[in-house]
Amino acid sequence: MAKDIEVASHEYGAKDYQDPPPADLIDPEELTKWSFYRAIIAEFVATLLFLYITVLTVIGYKSQTDPDHSTDQCGGVGILGIAWAFGGMIFVLVYCTAGISGGHINPAVTFGLFLARKVTLPRAVMYMVAQCLGAVCGCGLVKAFQKSYYTNYGGGANELADGYNKGTGLGAEIIGTFFLVYTVFSATDPKRNARDSHVPVLAPLPIGFAVFMVHLATIPITGTGINPARSFGAAVIYGKEKAWDDQWIFWVGPMIGAAIAAIYHQYVLRAGAVKALGSFRSNA
């Protein structure tokens, strides 16, 4: 009887949780499937919608608080509203696309998942290209519909604010992206899903809140990038020198932050380094 109980509990534990196998660096078979190209299209459309709504929100806020056109300096959505726009859009779009592409909508997130071997190299590259093109098209739509407002109020482009040096801006982008990508890893961790299956929490919810919180903290510093596609798309369409001068901050910072988050989650929290060392010793 005791043996039966032991076997039953072992079988239950085996079914309770299983790590997905790491993705191959290159999977030729993946390139022949429609699901691969469907996911790329989903990333393009999601990033387009993300930039369209959020950049319109930023421009609308600046126009409503422009002292030349309004005496109400407390009008508009404010920084809180802008943060809600970014976080809310990420929540909605990740929810919509998670089952199709994984809902990355951010080259830094894609880079972090690639380093953790969650996606293949071709998928990571194509996602990043689609995200950047989607961001350019999203900002292009904003400019097409509201050209005068777009040009007069900065085009939603990320720029380092006056009074802050480039090191401060880079640090803000690294820490902000680390927080976001760390949240992505934690919210989508299959071990957490198995352990906390009784807790009905949608993964897009904490991810959206992470974006919201980072925007509250870093809008006054860099306008909050933490998404190279978002910064790139706005800079391409806006086209002013200042946006391009600071553009490297919004690529280098997020990529470093994403890499640190991937290493921290995979090799510290999930004890990947300890498991690898134990496997090496057993083989020796």
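Cut-off values and rules
- Residues numbered from 1 in each chain as written.
- Predicted model: local features only at pLDDT ≥ 70, side-chain atom pairs only at ≥ 80, totals over all residues.
- Heavy atoms only, no water.
- pLDDT = per-residue confidence, 0-100.
- Contact = heavy atoms within 4.5 Å.
- Patch = residues over 30% accessible without salt bridge, like charges linked within 9 Å, V, L, I, M, F, W, Y side chains within 5 Å.
- Areas by Shrake-Rupley, 256 points an atom, 1.4 Å probe, with all protein chains shown as cover.
- Salt bridge = Lys/Arg side-chain N within 4 Å of Asp/Glu carboxyl O.
- Helix = DSSP H or I, 4+ residues; strand = E, 2+ residues; numbered from the N terminus.
- Buried < 20%, exposed > 50% of the residue type's maximum accessible area, 1.4 Å probe, protein only.
- Axes fitted to C-alpha atoms, helices over the stretch in contact; angles between N-to-C directions.
- Parallel < 35°, antiparallel > 145°, perpendicular 65-115°, else oblique.
- Left-handed = near helix turned anticlockwise from the far one by under 90°.
- Nonpolar A, V, L, I, M, F, W, Y, C, P; charged D, E, K, R; others polar.
- Expected span 1.5 Å × (residues − 1).
- Polar contact = N/O pair within 3.5 Å; in protein donor to acceptor, adjacent residues only side chain to side chain.
- Core = buried A, V, L, I, M, F, W, Y, C linked by side-chain atoms within 4.5 Å.

## Focus: the confidence of the model for the chain
And step 1. On average, residues of the chain carry a pLDDT of 86, and 82% of them reach 70 or more.
And step 2. Overall, residues 1-15 carries pLDDT values under 50, and its contacts beyond four positions in sequence, including any with other chains, amount to 0 contacts.

## Comments concerning a nonpolar patch on the surface
And step 1. Side chains of I79, L80, W84, Y95, F179, L202, L205, F209, M213 and L216 sit close together on the surface and give an oily, nonpolar patch of about 910 Å² of accessible area.
And step 2. Secondary structure elements with two or more residues in the nonpolar patch: α3 (78-97) and α9 (204-222).
And step 3. Residue placement: I79 occurs in helix α3.
And step 4. Taking relative accessible area as the criterion, I79 reaches 36% and is therefore assigned partly exposed.

## Some points on the side chain of Q131
And step 1. With respect to the helices, strands and loops of the structure, Q131 is situated in helix α5 (residues 121-145).
And step 2. Contact partners of Q131, with chain neighbours within four places excluded, come to E43, T47, H104, I105, N106, P107, T110 and A229.

## Some words on the packing of α3 against α9
And step 1. In contact at an axis separation of 8 Å, α3 and α9 are set at 155 degrees when each is read in the N-to-C sense. Overall, the two elements α3 and α9 adopt an arrangement that is roughly antiparallel. Note that α3 runs across α9; the crossing there is right-handed. For the pair α3 and α9, the contacting residues are I79, L80, I82, A83, W84, F86, G87, I90, F91, V94 and Y95 in the first and P204, L205, I207, G208, F209, V211, F212, H215, L216, I219 and P220 in the second.
And step 2. For the contact of α3 with α9, the class distribution of residues is 19 nonpolar, 3 polar and no charged.

## Observations concerning unusual backbone geometry
And step 1. Backbone geometry at I105 places phi at a positive 55 degrees, although glycine is not the residue there.
And step 2. Relative to the elements of secondary structure, I105 occurs in the loop between α3 and α4 (107-115).
And step 3. I105 gets classed as buried once you look at its relative accessible area, which sits at 0%.
And step 4. Despite not being glycine, I226 has its phi angle at roughly 45 degrees, a positive value.

## Side note on the environment of M89
And step 1. Within the secondary structure, M89 sits in helix α3.
And step 2. Given a relative accessible area of 15%, M89 falls into the buried group.
And step 3. A sequence separation of 39 residues divides M89 from F50, and the C-alpha atoms of the two residues are 6.1 Å apart.

## Focus: the side chain of R123
And step 1. Within the secondary structure, R123 is located in helix α5.
And step 2. Filtering out sequence-adjacent residues up to four positions away, R123 remains in contact with E30, F36 and A39.

## So, helix α7 (residues 166-187)
And step 1. Given a rise of 1.5 Å per residue, 22 residues ought to cover 32 Å, and the 31 Å separating the end C-alpha atoms of α7 matches this to within 8%.
And step 2. Between the side-chain oxygen at the start of α7 and the backbone nitrogen of G167 there is a gap of 3.1 Å, and the oxygen is on N165.

## Describing the nonpolar core
And step 1. F50, V55, C139, Y150, L180 and I207 are the most contacted members of the largest nonpolar core, which totals 45 residues.
And step 2. For this core, the secondary structure elements donating two or more residues are α2 (34-64), α3, α4, α5, α7, α9, α10 (228-238) and α12 (249-269).
And step 3. Apart from the residues lying within four places of it in its own chain, the contact partners of I207 are I90, V94, L180, T183, V184 and A187.

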